[in-house]
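Residue-level listing of the chains:
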Amino acid sequence: MGFKDIKRRVIECLRAGDIEFAVRRDVDLKNLLSTGDVSVPEVINVIMRAGGADHRLSPHHYDSSVDVHIITVTCAGLHWYIKWYFDEPASVFISVHH
């Protein structure tokens, strides 16, 4: 699956509300989407600005068969870091912060 398809799929999940959040200790610092400090439309806007060079894959640290997607991109003067994986039918967000 190419980055265009990955981007389309995660945006579809966000728009449909098919999102979950990974449980973590420092959620208030690392996942601004789960805390409500950033909105779904804001995250969609950031992802839409990302290109293939802003995206990379990494194996999940608990299950190496799961691809974790990472986008690092500057949008509106902020350097964003968005990290998630797909767990059908949802996207599970690990980190959303700037």
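So, here is what we can say about the structure in this document. (Residues numbered from 1 in each chain as written. Predicted model: local features only at pLDDT ≥ 70, side-chain atom pairs only at ≥ 80, totals over all residues. Heavy atoms only, no water.)

Digging into the side chain of lysine 7
- With respect to the helices and strands, lysine 7 occurs in helix α1 (residues 3-16).
- Buried within the structure, lysine 7 lacks any salt-bridge partner; aspartate 54 is the closest side chain of opposite charge, at an N-O distance of 7.5 Å.
- If we skip the residues at most four places from it in the chain, lysine 7 touches Ile47, Met48 and Ala50. (Helix = DSSP H or I, 4+ residues; strand = E, 2+ residues; numbered from the N terminus. Buried < 20%, exposed > 50% of the residue type's maximum accessible area, 1.4 Å probe, protein only. Lys, Arg positive; Asp, Glu negative; His and termini not counted. Salt bridge = Lys/Arg side-chain N within 4 Å of Asp/Glu carboxyl O. Contact = heavy atoms within 4.5 Å.)

Notes on the pattern of salt bridges
- Evaluated as defined, the whole model comprises 3 salt bridges.
- The shortest N-O distance in the salt bridge between arginine 8 and aspartate 5 comes to 3.9 Å. Placement of the pair is arginine 8 and aspartate 5 together in helix α1, with a separation of 3 residues, close to one helical turn.
- By relative accessible area, arginine 8 is classed as partly exposed at 43%.
- Here glutamate 12 ties to arginine 8 by a salt bridge, and the two come within 3.1 Å at their closest N and O atoms.

A few points about the sheet that holds strand β4 (residues 78-87)
- The 5 strands lie next to each other as β1-β5-β4-β3-β2, forming an open sheet whose pairing is mixed. Both outer strands of the open sheet, β1 (19-21) and β2 (55-59), are each paired with one neighbouring strand and no more. The mean inter-strand angle of the sheet, taken between neighbouring strand axes irrespective of direction, is 30 degrees.
- Pairing of strand β3 (residues 67-75) with β4, which is carried by 7 bridges, proceeds in the antiparallel orientation. (Pairing = 2+ DSSP bridges. Axes fitted to C-alpha atoms, helices over the stretch in contact; angles between N-to-C directions.)

Digging into unusual backbone geometry
- A cis geometry characterises the amide bond from glutamate 88 onward to proline 89, with omega recorded as 5 degrees.
- With phi around 55 degrees, alanine 76 is a residue other than glycine that occupies positive phi space.
- Tracing the backbone through its elements, the reader meets alanine 76 in the loop between β3 and β4.
- Accessibility expressed as a relative area gives 79% for alanine 76, which makes it exposed.

Some points on the packing of α1 against helix α4 (residues 40-49)
- For the pair α1 and α4, the least separation of the axes is 10 Å and the interaxial angle reads 170 degrees. Relative to α4, the element α1 lies roughly antiparallel. Residues Lys7, Val10, Ile11, Leu14 and Arg15 of α1 form the contact with α4, whose own contacting residues are Val40, Val43, Ile44, Ile47 and Met48.
- By residue class, the composition of the contact of α1 with α4 is 8 nonpolar, no polar and 2 charged. (Parallel < 35°, antiparallel > 145°, perpendicular 65-115°, else oblique. Nonpolar A, V, L, I, M, F, W, Y, C, P; charged D, E, K, R; others polar.)

What to know about the pairing of β3
- Inspection of the sheet shows β2 paired to β3 by 5 bridges, in the antiparallel sense. Bridge pairing in β3 links serine 58 to valine 68.
- The turn joining β3 and β4, which pair antiparallel and follow one another in sequence, is formed by 2 residues; a positive phi near 55 degrees is taken by alanine 76.

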